[in-house]
Each structure stands twice: as structure tokens, then as C-alpha cells.
Amino acid sequence: MRVIGRMLFVSVIAIASLGAMSLQQHADQPASDEEIRIGNVMPYSGSLSEFGAIGQAEAAYFDMVNARGGINGRKIRFITRDDNSDPATALELTRKLVEKDGVHLMFGSFGTPGNLVTRSYLNEKKIPQLFVASGDEELSQPSAFPWTMGWQPSFRSEGRIYANYIQASYPRKKIVVLWQNDQFGRMLYKGIQEGLGDLNRHVMVDIAFDLADEHLDGHVSILKRAGADIFVFLGVPSTASKVIKLAASLNWRPVFIVNDASASIANAMAPAGLENSAGVISAAFLKDPSDPAWKDDPGMKDWFAFMDKYHRVESTNNSAAVYGYAAAEALTQVLKQCGDDFSRDNIMRQAASLRDYQPSVALPNIRMNTSPNRYLPIRQMRLVQFDGRSWQPFGDVIETAFTEGAAR
């Protein structure tokens, strides 16, 4: 089932290669006295191009860092490449970034398949693979892959949060699920299934969809006919907006739960219609830049000032761009902690030594903590509900479940 997917960002950042390096890379090789070279792979084109804004924001953030003098006397050379949403291309590009461009670390590359396929190569070469843009726990296993570290809460844990909410608030209600048919969607749904336990018997229908799916209207119609009270959507923002609008067009108003990656006012709620989106529930760990609740927040004021001066992203309200900004801010903290020692060993050591670090655009009380045996930096989320204008938090900050995967 195929359809033309909406592509919000197709810009490609072209950054010149720095010249060939020796194929032999050593774990203790320091950066030059002048710069730190950082590699990155992003889907600036292809089916996942709406997430290219992450890399664009990261590039702009490092421009800002350099304009302010760099880090401990060194400038950042951020080299980002377009993998066209293809894991095989991601591996090829990662090899070139290491072996030709001589990057000292890989940072923030997007997606579970691409990061999994490059993980063994980078660990064999002892190249840090830091703060990957994926919530798959397979990318946070320090005992097996000590050079690979995640960043965001795990997909499986996020799914468990939704399951716990359903258990507490709607234990006897019928449920339907529409989930993206890839590792991302499967891990989210797996967390829900594990969290529901015996309540899985209330899942009347679940439908897997591809990113290029021509039958979303048929899927939503089938789910409505199941007579469910709760509709769980697990996918990307562009699809979420279509699904919310389709449900409204059928005059169907279930309890609507969407995953964090889709919970963007600018990219999902507004395109679906603010009235149609009112009542949607999600879990979050970052502030939504289009949420008026943060208009006077110091961190978001800095965000808008940054966008005014360094923007490479089409919209200041893009949640994917905020994600990239926050991740780049966290990496900057790691590099500052390195002092004068920018060896790969020390970069990993500092990445595994974060203590209650809070990115400026993270929700209150969401903090990063790592250790040599704990490679999931962010393990907290907050349930939120959209009121047609703003995300309203409810309940306490939740320490996400299933973090034992990081210590295997």
C-alpha cells in the first residue's frame, strides 16, 4: 500500500570534506588543536525527510558555538550528510565520514535502522556514536557496544506510559491501535502490549501501516467500526495529522493518544485542525516551540533568538528542530567537560558522566543522567493533553520503565 508521503523538509546541508584521513583510527587519537570534527547522517530527503530539521538545527547550533569562540579553544566542524532515508546509504556515508573526513565522533544520526547498521563498524573502530536520534534500547547497551549511546526516552518505555495511563483511567474500555510498520512503531506498540498485560484482550483491532500508505482512510474507518473508546496512534507527525482529521471527518471522538514524535502543534495538531486535535493525549520530554505556555520561558526565548540569528529551518515552531537544538546543547556540555582532552576515550567517559544536566528546552524536572553502566540519558517523560491551544501537563514526571535494557 503506497501513497506520496508529505515531506516537510528536503533541504540538504552541503559541507565541504576536509580531506582523506588514514583508514586506521585509534581510540586515543586526539582532535587537532584547532577543531573537533563531528559526523552526522540525516534523512534530508526520502520518506523521513520531515525529520531533517533535526540536523539543520544541529548545524545551526554549532555555528552559534563557533561564533562564540568554540569549545575550550577549538571550533566545531559539523559534517552532515543526507542518507535519503536509507540505512544502507547511512552505513556508506558513515564509513566515508570516518575514513575520508576523519571525524572524531558521530553524533545524533537519525533513525533506528541506520544506527543499528553502523553500530558494529563504529564500535570496532572505537568511534563514539553519541546521542543517536532513536529511542530503541538496542542502541543503549554499554556492555556489548560501549561506543554507542542513546539520548531520548526509549520507545518501549514510552509505550508502557500509555499503557499505564489506560490501565489507570480506562481499564474496561475498548482499544484500537494504528502503528507504523517499522522498528520504531513496533517498539512503541510492544511497550503498550507489555504494559497492558491482561488488558490486551480489550484491543479490538490493530493495524500496521507503511509510511507510503494509500489506505489511511480505510484503516481509520475499520478502527471506528470496531466500536473502540480509545484510539492509539504510533507514527510520524505528517501521518498523525491526517489520521486525526480523518477521525473527525467520521464524527468519531475517541480518547485519542499519539506518541511523542507526533505530538507537535505546528506539525500535527494545527494541520489536523486545532478543534479536531483538542483532547489528544501524549507524553513529552521537550517543550513544544509553538505552545504559548512557553512564551516567557527563558530557554524558549533563547531558542527564538537563536532561530532569528542562525536559523536554517523553515519554521521556528518545528518540534524536530527543537529536538536537534537540545541534543546539540547536550553534546556541547559533554565536550566542555572534556577540558583539554578531546581523545575519543575521554569523550565517551564524559558522555557517561552526566549528572542532572537539563537541556534548556527540556520540560521542567527532565534531566540527563548517565554512568558507565547506564546509557539512556533521558528516562523521564510527562503526560500532556492538548486543549486546542496548548499542551496541559497532568500527573507527575514519570521515570520511564524498561531501562534495564541499558545495562545489559
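The structure reproduced in this document is the subject of the present report. In every chain, residue numbers begin from 1 and rise along the written sequence. Owing to the predicted nature of the model, reporting of local features is limited to residues with pLDDT of at least 70; listing and counting of side-chain atom pairs is limited to 80 or more, with chain, interface and lining totals taken over all residues. Note that water and hydrogens are dropped before the side-chain values are worked out from all heavy atoms of the structure.

Position of Asn-369 relative to the elements: it lies in the loop between helix H12 (344-351) and strand E10 (380-386). Each residue's exposure class comes from its accessible area (1.4 Å probe, protein chains only) as a fraction of the maximum for that residue type: buried when under 20%, exposed when over 50%, partly exposed otherwise. Classification of Asn-369 as partly exposed rests on a relative accessible area of 22%. Measuring from C-alpha to C-alpha, the distance between Asn-369 and Ala-352 comes to 8.1 Å, with 17 residues separating the pair along the chain. Every residue pair with non-hydrogen atoms within 4.5 Å of one another is taken to be in contact. Apart from the residues within four sequence positions on either side, Asn-369 is in contact with Leu-354, Arg-355, Asp-356, Leu-376, Pro-377 and Arg-379. In this text, helices come from DSSP runs of H or I with a minimum length of four residues, and strands from runs of E with a minimum of two, each type numbered from the N-terminal end.

A word on the pattern of salt bridges. Just to be clear on terms, a salt bridge is a Lys or Arg side-chain nitrogen sitting within 4 Å of an Asp or Glu carboxyl oxygen. Scanning the model with the defined rule gives eight salt bridges in all. Among the salt bridges present, the one from Arg-37 reaches Glu-35, with a minimum N-O distance of 3.5 Å. Across the pair, exposure class does not vary: Arg-37 and Glu-35 are buried alike. Measuring nitrogen to oxygen at the nearest pair gives 2.8 Å for the salt bridge that ties Asp-297 to Lys-287. In this pair, Asp-297 is assigned in the loop between strand E9 (281-284) and helix H10 (298-310) and Lys-287 in the loop between E9 and H10, connecting sequence segments 10 residues apart. Classification of Asp-297 as buried rests on a relative accessible area of 15%.

Moving on, we get to the sheet that holds strand E1 (residues 35-42). Remark on secondary structure: sheet strands pair via backbone hydrogen bonds, oriented parallel or antiparallel. The four strands lie next to each other as E2-E1-E3-E4, forming an open sheet whose pairing is parallel. Two strands close off the open sheet at either side, each with one partner strand: strand E2 (75-82) and strand E4 (129-130). Whether two strands pair depends on DSSP finding at least two bridges between them. As paired elements, E1 and strand E3 (residues 105-107) share two bridges and run parallel to each other. Each residue of the ladder has a partner; that of Ile-38, found in E3, is Leu-105. Angles shown run from 0 to 180 degrees and are taken between the N-to-C directions of axes, each axis being a line fitted to C-alpha atoms and, for helices, limited to the stretch in contact. Packing of helix H1 (residues 52-67) onto the sheet brings it into contact with E1, E2 and E3, and relative to E2 it is tilted by some 165°.

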